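Descriptive analysis of the structure
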Amino acid sequence: THGHEGVFAQCAGPLVARLASDDLEVAIACVWGARLWLRHTLGEIADQLDWITLPTMTHAAAEALRSAGCDALWYWESGTDAVNHFVPYLRPAALQFNGWGWPMTCGHRRIAGFLTCHGLDPTPDADADAEFTEPLVRLASPPTFFCRAAFAQRIAPTAGEFGIEPGDRVISCLQRVYKLRPEFDRLAAGILEAVPSARLVLTGDAHPRIQQALES
């Protein structure tokens, strides 16, 4: 999805690159501008991949994928824009899978499965299989790979900083603030009530109105 390259590069790019082998040819399909950025962001592992440049129009993008002769397609997201929603309808590959970049059903049956894992059902409080049009493919572990960040310097907060004291249990949620729903408030409150020594750490927002809503 154009504009979502950052989260793909962080959550799925390293995994995709490491799948490439003598027996498995792996390609990333994206628009031209994203291709240059992703190659730079992924670094040396990007050289192990093939690249499919996608036009921005739906039918042209589907034809580019079809011409590439892919045996299977994994859509990191399906449903976040018109292209990634409608391209699967045109079936540019015999096997198509949805991904957890957008943890919702795509709503149509030309997707062979939604790649998830045991314990990470997109709708854990409901019958997840019934909530999805496509079958849930539960892998043994999450379909992701995170590279350990290399910091030039590690900074340890002093006692009492950020209201955190020695012995406190620190729970963090580093999601964007505007994505936190009321259900999260109830979940967080339950955790803090169960663990009185816990401190919940959230990321702030540069936009004053969003930050004010968070603090209120």
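Residues numbered from 1 in each chain as written. Predicted model: local features only at pLDDT ≥ 70, side-chain atom pairs only at ≥ 80, totals over all residues. Heavy atoms only, no water.

1. Quick look at the layout of surface pockets
Defined as follows: Of the grid points, spaced at 1 Å and generated over the protein atoms alone, those admitting a 1.4 Å probe that cannot get out make up cavities, while open sets with protein on both sides within 12 Å along at least five of seven lines make up pockets; any residue with an atom within 4 Å of a point is treated as lining. Grid points are joined across faces, edges and corners, and a volume is the space filled by probe spheres set on the points. Amino acids outside the nonpolar list (Ala, Val, Leu, Ile, Met, Phe, Trp, Tyr, Cys, Pro) and the charged list (Asp, Glu, Lys, Arg) are all regarded as polar, and Gly is one of them.
Quantified by volume, the second largest pocket comes out at close to 1,200 Å³. Split by residue class, the lining of the second largest pocket holds 30 nonpolar, 6 polar and 6 charged.

2. Some points on the packing of aromatic side chains
Applicable threshold: In this analysis, rings of Phe, Tyr and Trp, with Trp reduced to its six-membered ring, are considered paired at centre separations within 6.5 Å, and the interplanar angle assigns stacked below 30 degrees, edge-to-face beyond 60, and tilted for intermediate values. Whether a residue is buried, partly exposed or exposed follows from its accessible area with a 1.4 Å probe, protein chains only, as a fraction of its type maximum: under 20%, in between, or over 50%, in that order. What counts as a helix is a DSSP run of H or I of at least four residues, what counts as a strand is a run of E of at least two, and both are numbered from the N terminus.
The full count for this structure, using the stated rule, is 5 aromatic pairs. Ring centres 6.2 Å apart and planes at 85° place the aromatic pair tryptophan 74 and tryptophan 76 in the edge-to-face group. A relative accessible area of 27% means that tryptophan 74 is categorised as partly exposed. Taking relative accessible area as the criterion, tryptophan 76 reaches 9% and is therefore assigned buried. For the ring pair tryptophan 76 and tryptophan 100, a centre distance of 5.3 Å and an interplane angle of 75° mean the geometry is edge-to-face. Taken together, the positions of tryptophan 76 in the loop between strand S3 (72-75) and helix H5 (82-86) and tryptophan 100 in the loop between strand S4 (95-98) and strand S5 (113-117) put the pair 24 residues apart, joining distant regions of the chain.

3. Topic: the pattern of salt bridges
Stated formally: Each reported salt bridge corresponds to a side-chain nitrogen of Lys or Arg within 4 Å of a carboxyl oxygen of Asp or Glu.
Under the criterion given, the structure shown has 3 salt bridges. In this structure, the salt-bridge partner of aspartate 47 is arginine 39, at a minimum N-O distance of 3.1 Å. Aspartate 47 gets classed as exposed once you look at its relative accessible area, which sits at 58%. Exposure remark for arginine 39: the relative accessible area of 31% places this residue in the partly exposed category. As a salt-bridge pair, glutamate 183 and arginine 181 come within 3.3 Å of each other at their nearest N and O atoms. Judged by its relative accessible area of 55%, arginine 181 falls in the exposed class.

4. Focus: helix H4 (residues 58-67)
The line we're drawing: By definition, the arc is the one covered by directions from the helix axis to the C-beta atoms. Should any heavy atoms of two residues lie within 4.5 Å, those residues are counted as being in contact.
Among the residues making up H4, those that are buried are Thr58, Ala61, Ala62, Ala64 and Leu65. For H4, the angular spread of the buried residues around the axis is 160°, confining them to a single face. Facing away from the buried side of H4 by over 90 degrees, the exposed positions are His59 and Ser67. In this structure, the buried residues of H4 make contact with strand S1 (27-30), strand S2 (50-53), S3 and H5. Glycine 69 sits one or two positions beyond H4 and adopts a positive phi of about 70°.

5. Some points on the state of the cysteines
As a reminder, the rule being used: Throughout, a disulfide means two cysteine sulfur atoms within 2.5 Å of one another.
Counting across every chain of the model gives 0 disulfides. Here cysteine 30 is not cross-linked by a disulfide; its sulfur's nearest cysteine counterpart is in cysteine 70, at 13 Å. Overall, cysteine 70 belongs to the partly exposed group, its relative accessible area being 22%.

6. Section: unusual backbone geometry
The backbone of arginine 91 sits at a positive phi, close to 45°, despite the residue not being glycine. By relative accessible area, which is 42% here, arginine 91 ends up partly exposed.

7. Here we look at the sheet that holds S5
This is how the line gets drawn: A pair of strands is labelled paired if DSSP reports no fewer than 2 bridges between them. Interaxial angle, 0 to 180 degrees, is taken between N-to-C directions of lines fitted to C-alpha atoms, where a helix line uses only the stretch in contact.
Sheet architecture is open: 4 strands sit in the order S3-S4-S5-S6, paired in parallel fashion. Edge strands, defined here as strands with exactly one partner in the open sheet, are S3 and strand S6 (136-139). In this sheet, adjacent strand axes meet at a mean angle of 30° when their direction is disregarded. Here S5 runs beside S6; their pairing, made up of 4 bridges, is parallel.

8. Topic: the nonpolar core
For clarity, the cut-off: Here, nonpolar core refers to any group of buried Ala, Val, Leu, Ile, Met, Phe, Trp, Tyr and Cys residues whose side-chain atoms link them within 4.5 Å.
If you look at the biggest cluster of nonpolar residues, it comprises 19 residues, and the most contacted ones within it are Phe8, Ile28, Leu38, Leu42, Leu49 and Trp51. Those elements giving two or more residues to this core turn out to be helix H1 (5-11), helix H2 (13-19), S1 and helix H3 (32-42). Once residues lying within four places of it in the same chain are set aside, the contact partners of leucine 38 are Glu5, Phe8, Ala9, Ile28, Cys30 and Trp51.

9. Regarding a nonpolar patch on the surface
Quick note on the threshold: Here the term patch refers to residues with relative accessible area over 30% and no salt bridge, with like charges joined within 9 Å and nonpolar side chains (Val, Leu, Ile, Met, Phe, Trp, Tyr) within 5 Å. Per-residue accessibility takes into account occlusion by the displayed protein chains alone, with areas from the Shrake-Rupley method and a 1.4 Å probe.
On the surface, Leu192, Leu200 and Leu202 cluster together into a nonpolar patch covering about 190 Å² of accessible area. The topology assignment puts leucine 192 in helix H7 (residues 182-194). You can call leucine 192 partly exposed: its relative accessible area is 32%.

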